[in-house]
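# Coordinate inspection notes
Letter by letter, the chains look like this.
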Amino acid sequence: MSKEVILTGLRSNNELHLGNYLGAILPMVEMQKKHAGKYQLNMFIPDLHSFTTPIDHTKLYEQTLKNLKVFVAAGLDTQQPDTYIYRQSYISAHSELTWILDCFSYFGELSRMTEFKNKSSNSENVSVGLFNYPVLMASDILLYGAKWVPVGEDQRQHVEFTRDLGMRANNKFPGLFIVPENNAKQTEFAGRSEAVRIRSLRNPDKKMSKSVEDPTGTITLSDTPVDAAKKVMAATTDSLESINYDWEKQPGVTNLLQILALLSNKPQDEVNSQWQGKSSYNELKSAVADVVRDFLTDLQAKLAQVDSRALTEKLESDEVAMSKVASETLLRVQQAVGLRSAA
Ligand code: ADP
Ligand code: TRP
C-alpha cells in the first residue's frame, strides 16, 4: 500500500516569519522526525498563491528559492526517502484541476472564508485570485491525496473547505478523491492541544503575517537576532500586571507564552504554570527575547550552510516526480467529469 501523505505549502510573497515557522515549518520538521520513513512528505511553495495580494514581482522568483532554503535550515531532511519539495507553478495540474473544482465550488461558501474577508476588507480592487485561492489550495491537497495538512489556525478553514469540496465531488463521482482528515484529527496528529496562531507583537488581536504593513509586530526569519529581541521587548501587552494564558483578556501576554513554549520545546501547560500570576511582564519578555535570539542565531548559521546546488537538483527532480503523480489524479478527474474517455 502507498504511504499516507503529509503536505503543506508556504507562499513566497515575502520573507518567512516566526508565525510561519511555528505554525507550519516546525510541525512538518517534527513530523518528519517522528514518523521517519512511514509517510510521504510534500513540502512545497505555492508560488501561484503568492500574488493573490499585490507583491513586487521582480522578487518572487528568488524569494521562492530562498524560502526553500529556509526549510532545509529549519531541519527538513530533503534526502529522506519520500520527501518531496516543489514549486506549484511547475506542475500544471494544479491550475488545471482548479478550473474543474471551481465549477463545483459555491460562491457563497467562498464568500464566507475569514481570510478572504480579512484580506479584502480594506482594499478597493480585490482580485478574483484572492477569492478563488481556497480552490487552488484544495487542488494542491487533493492532487496528492493528502490526509494530513499541518497549517496554522488561519488556514484551518481552508482545509475544512477542501474536505467539503472533496466529499462533494466524491458524492457525485464515488471514490474520486482521498480527502484530508478533519481539524480535530489534524491537531491531534500534530501532537498539539490547539492549532498554532502567533499574533502580531504590536497588535495581538491580529495574526503575525507577511502581508501586514506593520514590521515591528512581525519577526521575520531574516531579522538580526538583536533586532528581533528588541521587537519582543517592545511587544504590546496589557495593564493587568498578572501573567495568565488567556487569549480573550490578555492576547499579548498569551502570545508571548505561546512563543516561549514552542521555541523552548516545552508543553504549554508547563510554561503557563511556571509564569502564572507573576507580575513582571519585563521578565517574561526577556525570557522570550532570549529564546528568539538563540533560535534566529542558530537558524541563520544553518541557512548560510545550505548547499544551493544540491537543493536545486532535488527540486527539479521532485518536480518531475510529482508532475507524474499529479497528472494521474488529474486524468482520473478528467475521466470522471467526461473530459476524457473513461478508463
Ligand atoms: P502569511 O499569512 O504570513 O502570508 P502564509 O499565508 O504563506 O503566510 O502561511 C503559510 C503557513 O504559515 C500556513 O500554514 C499558515 O497557517 C501559517 N501561518 C501564517 N501565519 C501564521 C501565524 N501568525 N501563526 C501560525 N501560523 C501561521
Ligand atoms: N493558502 C496557504 C496560505 O496562504 C498556503 C497553501 C497553499 C497551502 N496551498 C496549500 C497550505 C496546501 C497547505 C496545503 O498560507
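Below you will find a few notes about this structure. (Residues numbered from 1 in each chain as written. Chains lettered and ligands numbered in written order. Predicted model: local features only at pLDDT ≥ 70, side-chain atom pairs only at ≥ 80, totals over all residues. Heavy atoms only, no water.)

### Comments concerning the site of ligand 2
Our working rule: If even one non-hydrogen atom of a residue comes within 4 Å of a molecule or strand, that residue is called near it. Between N or O atoms, a polar contact is any pair within 3.5 Å; within protein, one atom must be a potential hydrogen donor and the other a potential acceptor, and residues adjacent in sequence are included only when both atoms are from side chains. What sets the accessible areas is the Shrake-Rupley method with a 1.4 Å probe; for residues, cover comes only from the shown protein chains. Starting at the N terminus, helices and strands are each numbered in turn, a helix being any DSSP run of H or I of at least four residues and a strand any DSSP run of E of at least two. When residues are grouped by polarity, Ala, Val, Leu, Ile, Met, Phe, Trp, Tyr, Cys and Pro land in nonpolar, Asp, Glu, Lys and Arg in charged, and all others, Gly among them, in polar.
Around ligand 2, the structure places 14 residues, and the nearest of them are R11, Y133, M137, D140 and Q155. A distance of 3.3 Å separates an oxygen atom of ligand 2 from a polar side-chain atom of R11. Interatomic distance of 2.6 Å between a side-chain N/O atom of D140 and a nitrogen atom of ligand 2. Here ligand 2, which alone exposes 360 Å², has 93% of that area covered by the protein. Elements with a contribution of two residues or more to the shell around ligand 2: β1 (5-9) and α6 (128-142). Here the shell around ligand 2 takes 4 residues from α6, the largest share from any one element. By residue class, the composition of the shell around ligand 2 is 8 nonpolar, 4 polar and 2 charged.

### Considerations on the pattern of salt bridges
Opposite charge on two side chains allows them to pair when their charged atoms are near. For clarity, the threshold we go by: One side-chain nitrogen of Lys or Arg within 4 Å of one carboxyl oxygen of Asp or Glu is enough to make a salt bridge. Burial status follows relative accessibility: with a 1.4 Å probe on protein chains alone, a residue under 20% of its type maximum counts as buried, one over 50% as exposed, and anything between as partly exposed.
Applying the stated criterion to the full structure yields 17 salt bridges. With its nearest N and O atoms 3.6 Å apart, the salt bridge here joins E115 to K207. Taken together, the positions of E115 in helix α5 (residues 114-120) and K207 in the loop between α8 (183-189) and α9 (225-233) put the pair 92 residues apart, joining distant regions of the chain. In this structure E115 comes out as buried when scored by relative accessible area, which is 6%. When salt bridges with common partners are traced through the structure, they connect E4, K147, E181 and K185 into a single cluster.

### Regarding the pairing of β1
Test applied: Following DSSP output, two strands are said to pair if at least two bridges run between them. When the strands point away from the viewer and the connection leading from the first strand across the helix to the second strand turns clockwise, the crossover is called right-handed.
The element β1 is largely enclosed, with a buried count of 4 among its 5 residues. Here β1 pairs with strand β2 (residues 40-45) via 5 bridges, running parallel. Within the sheet, the bridge partner assigned to T8 lies in β2 and is M43. In this fold, β1 hands off to helix α1 (residues 18-34), which returns the chain to β2; that crossover is right-handed. Where β1 meets strand β4 (residues 146-148), 2 bridges bridge the pair, whose relative direction is parallel. Bridging across to β4, I6 finds its partner in W148.

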